[in-house]
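This is what each chain is made of:
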Amino acid sequence: MSPKRLRLVPAVGTRGGPASWRRHRKGAPVAGHREGFDDGAWSFLYGEDTEYAVDARGEALEAAARRARTGPAPDVVQGPVMKPAVWTWEVPLYFWTGGIAAGAGFVALACDIAGDETSAATARRVSLAAVAPSPLLLIADLGRPARFLNMLRIFKPRSPMSMGAWCLTLFANLMAAAVGAELAGRKRAARALGAAAALAGGYLGSYTGVLLGSTAVPVWARSRLFLGPIFVATATATGAAATRLVLVATGVPEGHPTRLALGRVETGAITAELLLSQINERRLGGLADALEQGGAGKLFKSAKWAVRAGLAMRLLRRRAGPASHHAASGLYLGAGLAFRYAWVAAGRSSAQDDRAVAELARSRR
Amino acid sequence: MPERLGFFTDTTVCIGCKACEVACKQWNDLPSDGGELRPGGSYDHTGELSASTWRHVRFVEMLEPAGGHMPSLPASGGNGHDDVDLVEMAIDGGDRWLFMSDVCKHCTHAGCLDACPTGAIFRSEFGTVVVQADVCNGCGYCIPSCPFGVIDRDQEDGRAAKCTLCYDRLEDGLEPACAKSCPTDSIQFGPYEQLVERARGRVQALHERGIETAYLYGAADAPGEELAGGLGAFFLLTEPPERYGLPAQAESPLEEGVVPATAAAIAAGLVAAAGVAAAFALPSRPAPAKQLLSRVRGWPR
């Protein structure tokens, strides 16, 4: 056979593994098969007549495992130890839109409590507009988008992904109903539905942090207790900033109490975000490398500088006029997006850092 | 209900033939991941477990050239006249290869199982962890939730896949394809308790023969020291786990952290909602400190 005709591509194989197992013929016998896995139990090494079959005491065994599995990690870690998440750009973008929706939900509730019905209605619309693309982004990221409804196949409190899917469904429906009620002229119903949505928003804005924190990825896992608060702070800041910009665009005058309050909310939330991130980075120690180096590091740095620039512009608003404050809101929104991408990118490089994974595992005990 | 079934992989008798990898691919109709020969690289072309490689014989190369050059052996094209005592080399333990047939651990506390939002991953009647390919929608959350880096999403197919411990064969009373094909009995299959007993005996025998670094990875640990609650597929190793790309300690990340993380997140959500409401309740005048700062000339630089 000439080399040209030599086919090296294997002709067998179906990706994704067997979809279902069915016997070709029901009850068909299998040649050479013995009951109770007897054919599998046979071993020339471990049969009862060999010297390997000895009685073992437990303590020596436990001690041997302890020796190998505790203490400092060896010099060589031959990875890969774990696999990074396969999520693409849709997921961090969803974290951002979902966060804006949750934050705007909080704002709508606060406006209602403060008695500003018009702004509350606007905030609810902002929230609905932000939550609308969210399911689409999540579906686009699935390996099998056509099966997106399987997400609601079970209710699984243990899995943040399951709870998040349910929460997003609940929030989006409540918010849509609230906006619908508003359009139908039922203000009290709109208020009640909006309040219920804001309550769901408390989880919608923060569960994404739990989702990342409950994985085996070192930088996420070690930030477990901080990721939820950090993400909800970003959500509040971006939600308030988006609502503020929309209110400005719809002609709410300068000096209006809602505009002032939203300015306070976005500044407070983004400052809290920056502070929490800083504390968390200190806590992480060497693991923070994933947040400081490479693509994630660049994103993080630019997000932080955007926040600082925004804070400065807000302080300058008395001199430079309201435009400077609007730019600050825009910067917060951009910073929020960069923070989301940075966290996801940091997880990828952290999972690929075999030494970090190995050392985190060792530090458990 | 049938008893728990598992694998005991004894790396001390593995010869790295990769028959298990091939048998697995053949039985489960899995495609090749492609191989790449890298000059100076590992002879292990498979590299890692993936959505279409459910058994992977990891080559742990501990070969170090003695005195700056590799000994000339007939197998490597040399004349074999170098004065090398292969038996001595093997006993010294410095120059050798370790082989380890890696596989899904079928953890008692399985991270992938905890993470799966669709219920596609379930625990079978044999105590194994199996993905239902007709339910999985490829959300990918199981992948970073596995502390052992086993499960993966197939890029072309879009679903997650991993070892099923040959669920279809078990239902027919047959041992899994890899165990069936293993020529040295490095891969042993059977009822879990029996396997652990056998493995204990094997470790003790090795200890008595002077290989004192032998230990079981994932079984027969003291209470509270188990890996992910105990591994359904456990290993006999002779080097620290990291040499084989295994974490020294592991637990389902959800088992470990989802409750405190959720508590912190929900608390933060409530604080945020309350904070927003509080900001609206505050009187509308700027804080004097900020006023002061904004008046400082040149601020911010």
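Residues numbered from 1 in each chain as written. Chains lettered and ligands numbered in written order. Predicted model: local features only at pLDDT ≥ 70, side-chain atom pairs only at ≥ 80, totals over all residues.

### Some points on the overall build of chain B
Moving on, step 1. The helix and strand inventory of chain B stands at 9 helices and 10 strands.
Moving on, step 2. Excluding contacts between residues fewer than 6 apart, the proportion of contacts in chain B whose partners are at least 24 apart in sequence is 66%. (Helix = DSSP H or I, 4+ residues; strand = E, 2+ residues; numbered from the N terminus. Contact = placed C-beta atoms within 7 Å.)

### Thoughts on the overall build of chain A
Moving on, step 1. Counting its regular elements, chain A contains 16 helices and 0 strands.
Moving on, step 2. Across the 365 residues in chain A, those meeting the buried criterion constitute 52%.
Moving on, step 3. A separation of at least 24 residues holds for 74% of the contacts in chain A among residues at least 6 apart in sequence. (Buried ≥ 20, exposed ≤ 12 C-beta atoms within 10 Å, placed from the backbone.)

### Considering the packing of helix α7 (residues 187–204) of chain A against helix α8 (residues 253–281) of chain B
Moving on, step 1. The N-to-C vectors of α7(A) and α8(B) enclose an angle of 135 degrees; their axes lie 8 Å apart at closest approach. One element, α7(A), and the other, α8(B), form an angle in the oblique class. Both α7(A) and α8(B) take part in a crossing whose hand is right-handed. Note on element contacts: α8(B) touches α7(A) through Ile266(B), Gly269(B), Leu270(B) and Ala273(B), opposite Ala198(A), Gly202(A) and Tyr203(A).
Moving on, step 2. Of the residues contributing to the contact of α7(A) with α8(B), the split by class is 5 nonpolar, 2 polar and no charged. (Axes fitted to C-alpha atoms, helices over the stretch in contact; angles between N-to-C directions. Parallel < 35°, antiparallel > 145°, perpendicular 65-115°, else oblique. Left-handed = near helix turned anticlockwise from the far one by under 90°. Nonpolar A, V, L, I, M, F, W, Y, C, P; charged D, E, K, R; others polar.)

### Brief notes about the sheet that holds strand β8 (residues 187–191) of chain B
Residues and elements named next belong to chain B.
Moving on, step 1. Reading across from one edge, β8-β1-β10-β9 is the order of the 4 strands in this open sheet, with mixed pairing throughout. On the outer flanks of this sheet lie β8 and β9 (215–217), each paired with one strand and no other. Averaged over all pairs of adjacent strands, the angle between strand axes in this sheet comes to 25 degrees, irrespective of strand direction.
Moving on, step 2. Bridging between β9 and strand β10 (residues 233–237) involves 3 bridges; their strand directions are antiparallel. (Pairing = 2+ DSSP bridges.)

### A short note on the interface of chain B and chain A
Moving on, step 1. Every contact between the two is made by 106 residues of chain B and, on the other side, 113 residues of chain A.
Moving on, step 2. A total of 21 residues in the side of chain B that touches chain A trace back to one element, the largest contributor, which is α8(B).
Moving on, step 3. Here the residues of the side of chain B that touches chain A are counted per class, giving 56 nonpolar, 27 polar and 23 charged.

### Brief notes about the confidence of the model for chain B
All names here are of chain B.
Moving on, step 1. When pLDDT is averaged along chain B, the result is 83, and 79% of the positions lie at 70 or above.
Moving on, step 2. Confidence drops under pLDDT 50 across residues 286–293; counting only partners more than four residues distant or on other chains, this segment forms 4 contacts.
Moving on, step 3. Counted against residues more than four places away or in other chains, residues 295–301, with its pLDDT under 50, gives 2 contacts.
Moving on, step 4. Across the predicted assembly, pTM comes out at 0.87 and ipTM at 0.88. (pLDDT = per-residue confidence, 0-100.)

### Here's the deal with the nonpolar core
Moving on, step 1. If you look at the biggest cluster of nonpolar residues, it comprises 200 residues, and the most contacted ones within it are Phe171(A), Ala342(A) and Leu216(B).
Moving on, step 2. Each of domain 1 (5–244) and domain 2 (255–295) of chain B contributes no fewer than three residues to this core.
Moving on, step 3. Look past the residues within four positions of Ala342(A) in its chain and what remains in contact with it is Ala296(A), Leu299(A), Phe300(A) and Ala303(A). (Core = buried A, V, L, I, M, F, W, Y, C linked by C-beta atoms within 7 Å. Domains from an automatic or database assignment.)

### Here's the deal with the environment of Asp168(B)
Residues and elements named next belong to chain B.
Moving on, step 1. Tracing the sequence through the fold places Asp168 in helix α5 (residues 167–171).
Moving on, step 2. For Asp168, a count of 17 C-beta atoms within 10 Å translates into the label partly exposed.
Moving on, step 3. It is 16 Å that separates the C-alpha atoms of Asp168 and Cys104, two residues lying 64 residues apart in sequence.

### Some remarks on helix α15 (residues 322–352) of chain A
Moving on, step 1. Between its first and last C-alpha atoms α15(A) spans 46 Å; for 31 residues at 1.5 Å apiece the expected length is 45 Å, and the two agree.
Moving on, step 2. Here α15(A) lies mainly inside the structure; 23 of its 31 residues are buried. (Expected span 1.5 Å × (residues − 1).)

### What about unusual backbone geometry?
All names here are of chain B.
Moving on, step 1. For Leu165, which is not glycine, the phi dihedral falls at a positive 55 degrees.
Moving on, step 2. Mapped onto the elements, Leu165 comes out in the loop between β7 (160–161) and α5.
Moving on, step 3. Look at Ala228: it is not a glycine, yet its phi comes out positive at around 50 degrees.
Moving on, step 4. Tracing the chain through its elements places Ala228 in the loop between β9 and β10.
Moving on, step 5. Judged by C-beta crowding, with 25 C-beta atoms within 10 Å, Ala228 ranks as buried.

### Thoughts on the pairing of β10(B)
All names here are of chain B.
Moving on, step 1. With 5 of 5 residues buried, β10 lies mostly within the body of the structure.
Moving on, step 2. Side-chain alternation along β10 places Ala233, Phe235 and Leu237 on one buried face and Phe234 and Leu236 on a second face that is also buried.
Moving on, step 3. As paired elements, strand β1 (residues 5–10) and β10 share 4 bridges and run parallel to each other. Bridge pairing in β10 places Thr9 opposite Phe235.

### Describing the packing of helix α4 (residues 117–131) of chain A against helix α10 (residues 224–249) of chain A
Residues and elements named next belong to chain A.
Moving on, step 1. The N-to-C vectors of α4 and α10 enclose an angle of 120 degrees; their axes lie 10 Å apart at closest approach. When the axes of α4 and α10 are compared, the pair comes out oblique. Pair α4 / α10 crosses with right-handed handedness. Only Ala242, Thr243, Val246 and Leu247 of α10 make contact with α4, whose side of the interface consists of Ser119, Thr122, Ala123, Val126 and Ala130.
Moving on, step 2. Partitioned by chemical class, the residues of the contact of α4 with α10 number 6 nonpolar, 3 polar and no charged.

### Quick notes on the environment of Gly205(A)
Moving on, step 1. Take Gly205(A): it is sitting in the loop between α7 and α8 (207–213).
Moving on, step 2. For Gly205(A), a count of 34 C-beta atoms within 10 Å translates into the label buried.
Moving on, step 3. Placed 72 residues apart in sequence, Gly205(A) and Pro133(A) show a C-alpha to C-alpha distance of 15 Å.
Moving on, step 4. Among residues more than four places away in sequence, those in contact with Gly205(A) are Gly99(A), Ala102(A), Gly103(A), Phe231(A), Val232(A), Ala235(A) and Gly269(B).

### Concerning the pairing of β1(B)
Residues and elements named next belong to chain B.
Moving on, step 1. Burial analysis of β1 places 6 of its 6 residues in the buried class, which makes it a mostly covered element.
Moving on, step 2. By the bridge criterion, 5 bridges tie β1 to β8 in an arrangement that is antiparallel. Its bridge partner being in β8, Phe8 is matched across the sheet by Gln188.

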